[in-house]
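A look at the structure
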Amino acid sequence: MNLLRLIVQLHASRNVSRAAEALQLSQPATSLALGRLRRLIGDPLFVRGAGGMLPTPRCDEVVAAARDALALVDAAIYAPTEFNPETAQREFQVTLSDIGETVFLPKLMAHISRLAPQCNLRSRALTVEELPEAMESGSTELAIGFFPDLERTGFYMQRLFEHNFVCLVRKDHPRVKGDRVSLPVFLDLPHAVVEPEGRSHELFEQLLKKKGLSRRVQLNIPHFMSVPAIIAATDMIVTVPHAVAEYFLRLEGLRMVKLPIKAESYSLKQHWHARLNADPALKWLRSQVAHIFSVDPYK
């Protein structure tokens, strides 16, 4: 069992020192155990590369089987039979999009602090490429937001609510009057485009491409937090999810206007790996997320 845990940890970290630290082993002991694994399996398992220790195809097969075996053993030995939020001491590992941390995490933390005062929450920033493996290994237990890459075998998901796009401009914008921007003005204005880790911004870009529309992108940025100050100080326009717009209206001299084209709404969901489906603590957390964001997510 210890050797199985070692190969899974090495596969996740790609580094002997980090694997040894995670398993509370010395580095020599970890290296010796890796040598034993190689002899038992008859394969080098890992080779050195630019990104660290790279797994062989045989290693990938063994790790997939080891994860399943360890999940069964851990579920039988360690899983609690019930979860009492009032007395439980637990750290939840979650991943949210940039939008989620800004708009939804405060509401979630206020709820958890009230109902489970001794529980903690760690929000991990992961790329869309890193997230599936992190959820398979259990280093992230729940992902909340727009993550279509997680709609695959081995994962569960639950729809929370529908989301749509709107535009933000400064309150006294000289060319945008009323609650809607016309298509010619929209296309002619300089745009700020936010491209965070995730996929939601791609939906709107695909819509413009499908309709054969082009615009001048004056600014590309990776995060949402600088948006309100930039828009309030310029004649730029930005297209953002509705929840982001509602949040930013409280902070700056901005105005929300409707898009000049019809854009389909999209679903924000919570995702989790199948091996964590029966965990009582995580079942409680998912039920709380569903309750919070199915009532009125924008308030």
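Overview of the structure. Every value quoted in this text rests on a predicted model; they were computed, and no experiment measured them.

The rules behind these values
- Residues numbered from 1 in each chain as written.
- Predicted model: local features only at pLDDT ≥ 70, side-chain atom pairs only at ≥ 80, totals over all residues.
- Heavy atoms only, no water.
- Helix = DSSP H or I, 4+ residues; strand = E, 2+ residues; numbered from the N terminus.
- Buried < 20%, exposed > 50% of the residue type's maximum accessible area, 1.4 Å probe, protein only.
- Contact = heavy atoms within 4.5 Å.
- Areas by Shrake-Rupley, 256 points an atom, 1.4 Å probe, with all protein chains shown as cover.
- Lys, Arg positive; Asp, Glu negative; His and termini not counted.
- Charge placed at Lys NZ, Arg CZ, Asp CG, Glu CD.
- Expected span 1.5 Å × (residues − 1).
- Polar contact = N/O pair within 3.5 Å; in protein donor to acceptor, adjacent residues only side chain to side chain.
- Phe/Tyr/Trp six-rings, centres within 6.5 Å; stacked < 30°, edge-to-face > 60°.
- Lys NZ or Arg CZ within 6 Å of the ring centre and 35° of its normal.
- Right-handed = clockwise from strand over helix to strand, strands pointing away.
- Pairing = 2+ DSSP bridges.

This paragraph deals with the overall build of the protein chain. A tally of regular secondary structure across the protein chain gives 11 helices and 12 strands. For the protein chain, the spread of C-alpha atoms along the three principal axes comes to 70 × 45 × 30 Å. Taking all 299 residues of the protein chain together, the buried fraction comes to 46%. Contacts in the protein chain between residues at least 24 apart in sequence constitute 75% of all its contacts with a sequence separation of at least 6. Just so you have it, the protein chain exposes about 15500 Å², and 52% of that area is on carbon and sulfur atoms. Placing the 36 positive and 32 negative side-chain charges of the protein chain at their respective mean positions leaves the two points 2 Å apart.

Once that is clear, we can look at helix α3 (residues 27–41). Over its 15 residues, α3 runs 21 Å from end to end, which matches the ideal 21 Å to within 8%, given 1.5 Å per residue. Among the residues of α3, Thr30, Ala33, Leu34, Gly35 and Leu37 are the ones counted as buried. Close packing links the buried residues of α3 with α1 (2–13), α2 (16–23), β1 (46–49) and β2 (52–55). Sitting at the head of α3, Ser26 places a side-chain oxygen 3.1 Å from the backbone nitrogen of Ala29. One or two positions beyond α3, positive phi appears at Gly42, with a value near 75°.

Moving on: helix α4 (residues 57–77). Across its 21 residues, α4 extends 30 Å between first and last C-alpha, which sits within 8% of the 30 Å expected from 1.5 Å per residue. Summarising the contacts, the buried residues of α4 are in contact with α1, α3, β1, β2 and α6 (131–137).

Here we come to the environment of Leu189. In this structure, Leu189 sits in the loop between α7 (183–188) and β8 (190–194). The buried category is assigned to Leu189, whose relative accessible area is 2%. Taking C-alpha positions, Leu189 is 43 Å from Phe92, a pair spaced 97 residues apart along the chain. Beyond its immediate stretch of four places on either side in the chain, Leu189 contacts His173, Arg175, Val176, Arg216, Asp235 and Ile237.

Right, let's get into the packing of aromatic side chains. Scanning the model with the defined rule gives 11 aromatic pairs in all. Seen from their ring centres, Phe146 and Tyr266 are 5.0 Å apart, and the 70° between their planes marks the pair as edge-to-face. Of this pair, Phe146 sits in the loop between β5 (142–145) and β6 (155–163) while Tyr266 is found in strand β12 (residues 266–273), placing the two residues 120 residues apart along the sequence. Across the pair, exposure class does not vary: Phe146 and Tyr266 are buried alike. Put simply, the rings of Phe146, Phe165, Phe186, Phe204 and Tyr266 pair up and form one aromatic cluster. Stacked on the ring of Trp272, the Lys or Arg Arg286 has its end atom at 4.2 Å from the ring centre.

For a regular strand, the rule is simple: side chains alternate between the two faces of the sheet. The buried count for strand β3 (residues 91–96) comes to five of six residues, which makes it a mostly enclosed element. In this fold, the crossover linking β3 to strand β4 (residues 120–123) by way of helix α5 (residues 98–115) has right-handed handedness. Note: β3 against β5, three bridges, orientation parallel. Following the sheet pairing, Leu96 is matched in β5 by Ile144.

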